[in-house]
Amino acid sequence: MSINSDFKKTNSSGASITMQHYIFAFVQDVINQPDNLKRSEQWLKEYCEKENVNYFELNRQLSSFFELLEAYRKTNTLVLYRFLQLQAQACFIDEERFALLRIQPANYEFPRITADMGTSCSDKNTITSSHNGGLVGGHLIGL
Amino acid sequence: MQQPAIPAFHVLWTKPVTTGGKHFSMNNAEILTMVVSALMWQKHNGSIKLYTDKAGYAFIRSRKLSALWDGGIDTELLENNNYPIDPEIFWAAGKLIALEAQACPCVMLDTDLIVTLPIQHLLKPTTITALHSEALQPEVYLPPSLLKKPSGFSFPDDYNWNTLPSNTAFLYIRDKSFKSFYLNESKRFMFRNMEKPTEMVSQMVFAEQRLLSICADRQHLSINYLLSDPFSLSNSSVIHLWGFKHLLRQNENVRAIYSKQLIEKFGEVLSAYPLFIPYDEKYM
């Protein structure tokens, strides 16, 4: 296969549907068959060439995704799950495909839709200053 | 009708870190949060001042952030304070020392908390407003018998130990009389209270968060809260790193994604602050 790209294009314009399918397949392969990583990476590089996608940028985003996945598997916290979903988007994996990766869901749920600001004390609150992982108002910045 | 501004203050007290022999630092995500916190308060709610010490000021200067606080920077108060307080046990005491010096009404704002909207109209009718209440989890909020106490200290009989503590990452106090009462009770507990606990949470959250609620209850004052549930999707005004700070410190990828989201959301206010450019270049 001939490779002609200068690898300097950014990924801001997105990836074709074919490319998105391939990236998804690549991520599945890395998760399920990590022994084939080198071969899969080579194929990914060649697809990027054909599709005018910046391989180095995509590879950087994918590396972040796999590192986050490793961190998530140790904790299963919802906040990391959200970061993982967001990082998947940076790798052209939309929510639908992300769900197909069958990553184990987070082991507890928040936030909830309850009250507005300016209210008085509520006994429903079961968290304290010792809790680890909660980002209050994360939804306000898309997390 | 436009509400009058309410002055706020940030506190960067490095003594708890430097006393243990460590070098004080903040990661880029924490710095960015502090920058947005200060700029958003100025945009919507009033002026903001920083209380810090020499090491904190050196850090601020090294990051070229000295102009961030329109109310100025005070380095004398915390640097010269000689209260008999163990900074490792009472790591947030710097906030209370600054609160003591600040005129009322005022808002004590943690550097990891961003208020995204005007909220003066919510604060003005109240005597005390904190961020949200907290559950009385016994491993965090110890029963009085398990708290370490200074020699000769006893808790007043009329303390209501069933009152829910208040998260003070945001704290508005209108009147000096309540502020003095609360801070005197807190100092009475913290002063010469040097026995190290097995963990470093319970003593501090009692002195700052539980005592606030107990003192309000004792003076028959109600505490209002900005949030009835911190993780409600109805929250439209507050971003608080809270326990998420630990994750930010551990994971560079999380720092990068969080910073990118913050910059996307607050790009407009940040772009007015020229020293933000290095963060923009790094994360966008």
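The rules behind the values
- Residues numbered from 1 in each chain as written.
- Chains lettered and ligands numbered in written order.
- Predicted model: local features only at pLDDT ≥ 70, side-chain atom pairs only at ≥ 80, totals over all residues.
- Heavy atoms only, no water.
- Helix = DSSP H or I, 4+ residues; strand = E, 2+ residues; numbered from the N terminus.
- Buried < 20%, exposed > 50% of the residue type's maximum accessible area, 1.4 Å probe, protein only.
- Contact = heavy atoms within 4.5 Å.
- Areas by Shrake-Rupley, 256 points an atom, 1.4 Å probe, with all protein chains shown as cover.
- Phe/Tyr/Trp six-rings, centres within 6.5 Å; stacked < 30°, edge-to-face > 60°.
- Lys NZ or Arg CZ within 6 Å of the ring centre and 35° of its normal.
- Salt bridge = Lys/Arg side-chain N within 4 Å of Asp/Glu carboxyl O.
- Pairing = 2+ DSSP bridges.
- Core = buried A, V, L, I, M, F, W, Y, C linked by side-chain atoms within 4.5 Å.
- Axes fitted to C-alpha atoms, helices over the stretch in contact; angles between N-to-C directions.

(A) A look at the overall build of chain A. Across its full length, chain A holds five helices and zero strands. Secondary structure elements of chain A, listed N to C terminal, follow the sequence α-α-α-α-α. Per-residue burial for chain A yields a buried fraction of 45% across its 143 residues. Partitioning the contacts of chain A with sequence separation of at least 6, the portion at a separation of at least 24 is 71%. Roughly 7900 Å² of accessible area belongs to chain A as shown, and the carbon and sulfur atoms make up 48% of that amount.

(B) Up close: unusual backbone geometry. A cis amide bond links B:Cys104 to the next residue, B:Pro105, at an omega of -5 degrees. Its place among the elements puts B:Pro105 in the loop between α5 (93-101) and β4 (106-109). For A:Asn52, which is not a glycine, the phi torsion comes out positive at approximately 60 degrees. Looking at the secondary structure, you find A:Asn52 in the loop between α2 (37-51) and α3 (55-75). The phi angle at B:Trp242 is positive, at roughly 45 degrees, despite the residue not being glycine.

(C) Expanded view of the packing of aromatic side chains. Tallied over the full model, the rule gives 24 aromatic pairs over all chains. Between the aromatic rings of B:Phe90 and B:Phe189, the centroid separation amounts to 6.0 Å while the plane-to-plane angle is 80 degrees, which identifies the pairing as edge-to-face. You can see B:Phe90 sitting in the loop between α4 (76-80) and α5 and its partner B:Phe189 sitting in helix α7 (residues 176-190), a full 99 residues away along the chain. Here B:Phe90 matches B:Phe189 in class, with each residue buried. Here B:Phe153 and B:Phe189 contribute two aromatic rings whose centre-to-centre distance is 5.8 Å and whose plane-to-plane angle is 70 degrees, an arrangement assigned as edge-to-face. Highlighted residues: B:Phe153 in the loop between β6 (128-133) and β7 (166-173) and B:Phe189 in helix α7, separated in sequence by 36 residues. If you follow A:Lys50 out to its NZ or CZ, it ends over the ring of A:Tyr47, 5.1 Å from the centre.

(D) Fine view of the pattern of salt bridges. Per the stated rule, a full pass over the model turns up 15 salt bridges over all chains. With a shortest N-O distance of 3.6 Å, A:Asp94 and A:Arg97 are connected by a salt bridge. Its relative accessible area of 11% is what places A:Arg97 among the buried residues. The residue B:Asp158 makes a salt bridge to B:Arg218 at a minimum N-O spacing of 2.7 Å. Residue B:Asp158 is found in the loop between β6 and β7, and its partner B:Arg218 is found in helix α8 (residues 202-218); the two are separated by 60 residues along the sequence. Within this structure, B:Asp158, B:Glu185, B:Arg188 and B:Arg218 form a network of salt bridges that share partners.

(E) View of the pairing of β7(B). Residues and elements named next belong to chain B. Counting buried residues in β7 gives eight out of eight residues, a clear majority hidden from the surface. For β4 and β7, the ladder comprises four bridges, and the chain directions are antiparallel. Along β7, the bridge assignment pairs Met108 with Leu171. In the sheet, β6 pairs with β7 via five bridges, with the strands oriented antiparallel. Across the sheet, the residue bridging to His132 is Asn167, located in β7.

(F) Looking closely at the environment of B:Lys265. Tracing the chain through its elements places B:Lys265 in helix α10 (residues 252-271). Judged by its relative accessible area of 46%, B:Lys265 falls in the partly exposed class. Contact partners of B:Lys265, with chain neighbours within four places excluded, come to A:Leu140 and A:Ile141.

(G) The arrangement of the nonpolar core in detail. Counting residues in each nonpolar core, the largest one holds 93 residues, and the members touching the most others are A:Phe65, B:Trp41, B:Phe170 and B:Tyr258. Looking at this core element by element, the count peaks at 10 residues for helix α2 (residues 28-44) of chain B. Setting aside anything within four residues of it in sequence, one finds A:Phe65 in contact with A:Val27, A:Leu84, A:Gln87, A:Ala88, A:Cys91, A:Phe98, A:Leu101 and A:Ile103. In terms of nonpolar packing, the next biggest core, distinct from the first, is built from 43 residues, B:Ile97, B:Leu142, B:Trp161 and B:Leu212 among them.

(H) A look at the pairing of β6(B). Residue and element names in this part refer to chain B. Judged by how many residues are buried, β6 sits mostly within the fold: six of six residues are covered. As defined by bridge partners, β6 adjoins strand β8 (residues 223-225) across three bridges and the pair is classed as parallel. Across the sheet, residue Ala130 finds its bridge partner in β8, namely Tyr225.

(I) The arrangement of the sheet that holds β8(B) in detail. Residues and elements named next belong to chain B. Strand order in the open sheet made by the seven strands is β3-β2-β1-β4-β7-β6-β8, with mixed pairing throughout. Two strands close off the open sheet at either side, each with one partner strand: β3 (73-74) and β8. On top of the sheet, α5 reaches β1 (8-12), β2 (48-52), β4 and β7; it is set at about 145 degrees to β1, its chief contact.

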